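Each chain is listed here by its residues.
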Amino acid sequence: MTRPALILALVASVAGAAAAAEPARDKLLESYRQEASRATPGFAGFSAARGEALYSGTHRGGNPATPSCTTCHTADPTATGKHQKTGRAIEPIAVSANPTRFTDPGEVEKHFARDCKNVLGRDCTAEEKGDFITFLSGR
Amino acid sequence: MSAFRWAGIALSVALAAGVAAADEFERVTPVRHAATQKECGECHMAFQPALLPAESWSRIMTGLSDHFGEDASLPEALASEIRDYLVANAGRGDPTVLRISDQSWWQREHRFSPSVWRQKEVGSKANCDACHRHAGQGLYDDD
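These numbers come from a predicted model, not from an experiment.

Student: Mind showing me how you'd approach the packing of helix H2 (residues 48–56) of chain A against helix H5 (residues 126–137) of chain A here?
Tutor: Think of two packed helices as two axes; the pair is described by the angle between the axes and how far apart they sit. Residue and element names in this part refer to chain A. Packing of H2 against H5 leaves a shortest axis separation of 7 Å and a crossing angle of 95°. For the element pair H2 / H5, the angle class is roughly perpendicular. On H5, the residues that touch Ala 48, Arg 50, Gly 51, Glu 52, Leu 54 and Tyr 55 of H2 are Glu 127, Glu 128, Asp 131, Phe 132, Thr 134, Phe 135 and Leu 136. Its residues assigned to classes, the contact of H2 with H5 shows 6 nonpolar, 2 polar and 5 charged.

Student: I tried to follow the interface of chain B and chain A on my own but got confused; where do I start?
Tutor: The extent of an interface is frequently quoted as the accessible surface area lost upon association of the parts. Each partner contributes residues to the interface: chain B has 19 residues there, and chain A has 13 residues. Taken together, both faces of the contact between chain B and chain A bury some 1,400 Å²; the carbon and sulfur share is 34%. Broken down residue by residue, the surface that chain B buries against chain A is led by Cys 43, Glu 70 and Asp 71 of chain B, which jointly contribute 38%. A salt bridge links Glu 42 of chain B to Lys 110 of chain A; the shortest N-O distance between them is 3.3 Å. Here chain B and chain A share 14 residue pairs in polar contact (both at pLDDT 80 or more) between them. Class assignment of the residues belonging to the side of chain B that touches chain A gives a composition of 6 nonpolar, 7 polar and 6 charged.

Student: How do you make sense of the pattern of salt bridges when you look at a structure like this?
Tutor: As a working rule, side chains carrying opposite charge can pair if their charged atoms are close by. Inspection of every chain in the model, using the stated rule, returns 14 salt bridges over all chains. Between Lys 110 of chain A and Glu 39 of chain B there is a salt bridge, and its shortest N-O distance comes to 2.4 Å. A residue pair is termed interchain when its members come from two chains, as with Lys 110 of chain A in helix H4 (residues 105–120) and Glu 39 of chain B in helix H2 (residues 34–41). Of the two residues, Lys 110 of chain A and Glu 39 of chain B, both sit in the buried class. A single network of salt bridges, built from pairs that share partners, joins Glu 107 and Lys 110 of chain A together with Lys 38, Glu 39 and Glu 42 of chain B.

The rules behind each value
- Residues numbered from 1 in each chain as written.
- Chains lettered and ligands numbered in written order.
- Predicted model: local features only at pLDDT ≥ 70, side-chain atom pairs only at ≥ 80, totals over all residues.
- Heavy atoms only, no water.
- Axes fitted to C-alpha atoms, helices over the stretch in contact; angles between N-to-C directions.
- Helix = DSSP H or I, 4+ residues; strand = E, 2+ residues; numbered from the N terminus.
- Parallel < 35°, antiparallel > 145°, perpendicular 65-115°, else oblique.
- Contact = heavy atoms within 4.5 Å.
- Nonpolar A, V, L, I, M, F, W, Y, C, P; charged D, E, K, R; others polar.
- Buried area = accessible area lost by both parts, 1.4 Å probe.
- Salt bridge = Lys/Arg side-chain N within 4 Å of Asp/Glu carboxyl O.
- Polar contact = N/O pair within 3.5 Å; in protein donor to acceptor, adjacent residues only side chain to side chain.
- Buried < 20%, exposed > 50% of the residue type's maximum accessible area, 1.4 Å probe, protein only.

Below, the structure written as structure tokens:
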């Protein structure tokens, strides 16, 4: 392979990987949409604005050390976060800065299961999960 | 034998035991289980199994919904796979104590000012690698 061809092939494969991440996220969002529709008749779709309010808001009921998503993920979701207790780095949660976010359903559910309890003191609804992912997919 | 001499022997034995116990934890087998490395290592250094006794690991891994005040839940199958690895490779220590930093050998080895833990680059007793540069490989003898 000539050098320009090799570079083109590399660029194409990187672009392919980035593009391939989206169907997985769309599929996950679709499953949350179906769950939200079952829970709320007349559900009108996810809202990035509600997702942003959930992300940025200060909540009660969870671990007092983590009243907000921003406690660890910082006010800027494209930034590298920091575990509140151990200081461990957390990869950016915004899709623009970390394209593999919200593409592995097992990982996503694991983190919602923990962090909704840590921040809100309860499980998140499917609507909240979809709003959250919709907000961060646009960031 | 005089009581004095007995006390001397007892002291030597106690000191030797203390030193042996400390050495035992200065070089431990690194984590050799991918799921343990990944899941534990997401929030803190993935501590080597030899740093806690089996009973402590078992209780930690069955109580992840309240992991030292935080919810660190894992799917049941994954938690139990990690528990099996940690328990099978566990070390010694007080089985009633869950925190590595509350084990007596750990405390003996870390007798210094509390201000050390507040330094920005340390931040937490869980950050072994702030001072032990090769802690991730199970090497703690560089202090």
